[in-house]
Amino acid sequence: MAEAIATHDPAPRRRVPEAPCAPGPRPVRPGGRLPLLRRRHALLLPVALLPAGAAAAEGDIAFRVRRRGDVVGTHRVRFASRGAERVATSELLIRPAFMGIVVYRYEHVYEEVTVGGRFRRVTSRLNRNGRIVEVRGEAVAGAVLLDGTEGPQRLPADAAPLSWWEMGRLGGRLPLFGTTTGRALALAWRTRRGPAGGPEFACSGDVTATVGFDGAGRWVGFSARGEDGTDIEYEPA
């Protein structure tokens, strides 16, 4: 997801001291074997290709991504329902161009399933200039099993992806993991009322970003520090 724009490349791993307000413990690797996530959970179909009956659950979200004033990409989140499941499909495409030629590609697509507001599973695929990173996470009895750049991990049962539109996860409420790295995030948070009438959250640590919501709790704004030290900003598309 967009958190990778604000962090360094996960290989080699950069050790970050535990933030004072970090949301929960770091992942613990058990001494024995950790069951691998079931590989049959392939990347879910885009919402546009969901089977009949997958009706829209809420309004979709669309942003333009700006860097130094120029539009360099888009971020869209689409929602659908399949029975009791809520499916969110996030598509972040950043393709800055010079004289009409794309000079960099950052394409991150992931889909997350929740039931009754609780995280159930996520599949993610990041293409960063041809380098592919896949992450899978699934809630099971008493834990969240995560498989990413560091291999299989076992996280606390209330762990969830850092999905910026999920206001209830922000502010240090839950332990979070990155969908572009597949590892737990150490984050410190500050919260205030934002200009759109809802809360505005600022995080630092593994991710440096600010995300805002309107009075109805809808995601309306985002900015983050890029890997080159340049800020990116979202504006409604």
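All figures in this text were calculated on a predicted structure; none of them were measured in a lab.

The rules behind each value
Residues numbered from 1 in each chain as written. Predicted model: local features only at pLDDT ≥ 70, side-chain atom pairs only at ≥ 80, totals over all residues. Heavy atoms only, no water. Buried < 20%, exposed > 50% of the residue type's maximum accessible area, 1.4 Å probe, protein only. Helix = DSSP H or I, 4+ residues; strand = E, 2+ residues; numbered from the N terminus. Pairing = 2+ DSSP bridges. Phe/Tyr/Trp six-rings, centres within 6.5 Å; stacked < 30°, edge-to-face > 60°. Polar contact = N/O pair within 3.5 Å; in protein donor to acceptor, adjacent residues only side chain to side chain. Salt bridge = Lys/Arg side-chain N within 4 Å of Asp/Glu carboxyl O. Contact = heavy atoms within 4.5 Å.

1. So, the pairing of strand E15 (residues 209-214)
- Extensive coverage of E15 is indicated by the burial of 5 of its 6 residues.
- Alignment of strand E14 (residues 197-205) against E15, held across 5 bridges, turns out to be antiparallel. What sits directly across from Phe201, in E15, is Val211.
- In textbook terms, the turn of a hairpin is the stretch between consecutive antiparallel strands, and for E14 and E15 this stretch comprises 3 residues.

2. So, the packing of aromatic side chains
- Counted according to the given criterion, the structure contains 12 aromatic pairs.
- Ring geometry for Trp189 versus Phe201: centroids 6.4 Å apart, planes at 90°, classification edge-to-face. Taken together, the positions of Trp189 in strand E13 (residues 187-193) and Phe201 in strand E14 put the pair 12 residues apart, joining distant regions of the chain. This pair shows no difference in class: Trp189 is buried, exactly as Phe201 is.

3. Looking at the side chain of Ser124
- Along the polypeptide, Ser124 turns up in strand E7 (residues 118-128).
- A polar contact of 2.6 Å, which involves the side chain of Ser124, links it to the backbone oxygen of Thr179.

4. Looking at the pairing of strand E9 (residues 143-148)
- With 6 of 6 residues buried, E9 lies mostly within the body of the structure.
- With burial as the criterion, each face of E9 is covered, one bearing Ala143, Leu145 and Asp147 and the other bearing Val144, Leu146 and Gly148.
- When strand E8 (residues 131-140) meets E9, the two strands line up antiparallel, connected through 5 bridges. Among the inter-strand pairings, Val140 is bridged to a residue of E9, identified as Ala143.
- Linking E8 back to E9 in an antiparallel pair, the connection comprises 2 residues, with Gly142 at a positive phi of about 80°.
- Between E9 and the antiparallel strand that follows it, strand E10 (residues 151-155), lie 2 residues.

5. Considerations on the pattern of salt bridges
- Under the criterion given, the structure shown has 12 salt bridges.
- Close ionic contact of Arg64 with Glu235 constitutes a salt bridge, the shortest N to O distance being 2.8 Å. Taken together, the positions of Arg64 in strand E1 (residues 61-67) and Glu235 in strand E17 (residues 231-236) put the pair 171 residues apart, joining distant regions of the chain.
- We note a salt bridge from Glu107 to Arg95, for which the minimum N-O separation is 3.1 Å. Here Arg95 lies in the loop between strand E3 (85-94) and strand E4 (97-98) and Glu107 lies in strand E6 (residues 106-115), a separation of 12 residues in the sequence.

6. Quick look at the environment of Ser223
- By the secondary structure assignment, Ser223 is in strand E16 (residues 219-225).
- Judged by its relative accessible area of 24%, Ser223 falls in the partly exposed class.
- The sequence separation of Ser223 and Thr208 amounts to 15 residues, and the corresponding C-alpha distance is 8.7 Å.
- Excluding residues within four positions of it along the chain, Ser223 makes contact with Ala209, Thr210, Ile232 and Glu233.

7. A few points about unusual backbone geometry
- Phi angles above zero are rare outside glycine, and Arg68 is one such case at about 55°.
- Relative to the assigned elements, Arg68 resides in the loop between E1 and strand E2 (70-82).
- A relative accessible area of 63% places Arg68 in the exposed class.
- Its identity is not glycine, yet Asn129 carries a phi of approximately 55°, on the positive side.
- Here Asn129 is to be found in the loop between E7 and E8.

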